[in-house]
Amino acid sequence: MSDTATVDLHFIDMPAEDAATDTTPLLVIHGLLGSADNWRSHIKGWQRFRRVIAVDLRNHGRSPHTEGMRYTDMVGDVVALLDKLSIEQAHVLGHSMGGKVAISLARLAPERVASLIVADIAPVAYEHGHDDVFAALANVQKGQPANRREADDLLSEYVDSRPTRLFLATNLVRNDDNVMALRVGLDQIKRGYSDIIGEPDGEQPFEGPSLVLRGADSHYVADDMLPTLRDVMPRVRVVTLKNAGHWLHADQPEAFQQAVTAFIDAQAGNA
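Residues numbered from 1 in each chain as written. Predicted model: local features only at pLDDT ≥ 70, side-chain atom pairs only at ≥ 80, totals over all residues. Heavy atoms only, no water.

A.B. asks: Requested: an account of the overall build of the protein, with residues and values cited.
C.D. replies: On a plain count of helices and strands, the protein comes out with eleven helices and nine strands. Taken along its principal axes, the extent of the C-alpha atoms in the protein is 55 × 40 × 40 Å. Across the 271 residues in the protein, those meeting the buried criterion constitute 56%. A fraction of 77% describes how many contacts in the protein between residues 6 or more apart in sequence connect residues 24 or more apart. Per element, the accessible surface of the protein, about 12,300 Å² overall, is 46% carbon and sulfur. (Helix = DSSP H or I, 4+ residues; strand = E, 2+ residues; numbered from the N terminus. Buried < 20%, exposed > 50% of the residue type's maximum accessible area, 1.4 Å probe, protein only. Contact = heavy atoms within 4.5 Å. Areas by Shrake-Rupley, 256 points an atom, 1.4 Å probe, with all protein chains shown as cover.)

Dropping the structure here:
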């Protein structure tokens, strides 16, 4: 595990609405430039039967900004939070970058992971692919827009996709100078980008139950990556969601939520 200081992560902690036979909570970890807030609608569904904790990773959401985006560092932050909440073990769900955090957690501290759910990412290194997004956010940072319309105009100079711009806009907050500012640690993320697109940390395979959900219209979990994926997660089940891209939880929310729920329920039944 990391030997650097951990970050006190911001988190959402929602108790189960109904008493459940399986009291193991679900831990949700967002992707690059996301936050726990992006998962609120799913949390409402999952919390009907179990406690759900969603985190803001370092340099994201309401969590502190700091140098270092190595997966072992982010795992250290998550383990520190589990310790703080006295959670010995959780079902762990991660999307994209958060999926690599979840895989790293499962490999470095398998005793903390009851089951592993990875959304549209493989345990491989990817090529650079966010230059336009970083340029768009830097443009907003420089332009100091007075409102979200002006911020969208600045984002649109580099990003054509409106859904992508709407997602990026979730990182905007009005600051003390009354302008729309970024709440992400953009500079720290950019400096740590080579680690983000690299392989997850850990040497050993995770031998516990695993589910990988991938979007049929996404390239992030291609067929040629499946052998590596199965080396890292020998017990993995791979499910492809139709009419879904990389943000499969937003493209097919009902199918995504049902797949996660069914998988976790199956683990409780096998306990």
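So that's the structure; there's more coming.
A.B. asks: Explain helix α3 (residues 97-108) to me, using residue names and the numbers behind them.
C.D. replies: Over its twelve residues, α3 runs 16 Å from end to end, which matches the ideal 16 Å to within 8%, given 1.5 Å per residue. Of all twelve residues in α3, eleven are buried; the element is thus mostly enclosed. For α3, the complete set of buried residues consists of M97, G98, G99, K100, V101, A102, I103, S104, L105, A106 and R107. Residues of α3 that are buried make contact with β2 (26-29), α2 (71-84), β4 (90-95), β5 (113-119), α8 (193-196) and α9 (226-232). (Expected span 1.5 Å × (residues − 1).)

A.B. asks: How would you summarise the side chain of K100 if you had to cite specific residues and measurements?
C.D. replies: Structurally, K100 can be placed in helix α3. There is no salt bridge for the buried K100, and the closest opposite charge comes from E199, which lies 8.2 Å off by N-O distance. At 2.8 Å, the side chain of K100 forms a polar contact with the backbone oxygen of V124. Among residues more than four places away in sequence, those in contact with K100 are Y71, I121, A122, V124, A125, Y126, I196, I197, G198, E199 and P200. (Lys, Arg positive; Asp, Glu negative; His and termini not counted. Salt bridge = Lys/Arg side-chain N within 4 Å of Asp/Glu carboxyl O. Polar contact = N/O pair within 3.5 Å; in protein donor to acceptor, adjacent residues only side chain to side chain.)

A.B. asks: Got a sec to walk through helix α4 (residues 131-143)? Specific residues and values, please.
C.D. replies: Across its 13 residues, α4 extends 18 Å between first and last C-alpha, which sits within 8% of the 18 Å expected from 1.5 Å per residue. Those residues of α4 that fall on the buried side of the exposure criterion are V133, F134, A136, L137, N139 and V140. Packing partners of the buried residues in α4 comprise α5 (148-156), α6 (162-168), β6 (172-174), β7 (180-182), α7 (186-191) and α8. After α4 finishes, the residue Q144 shows a positive phi value of roughly 50°.

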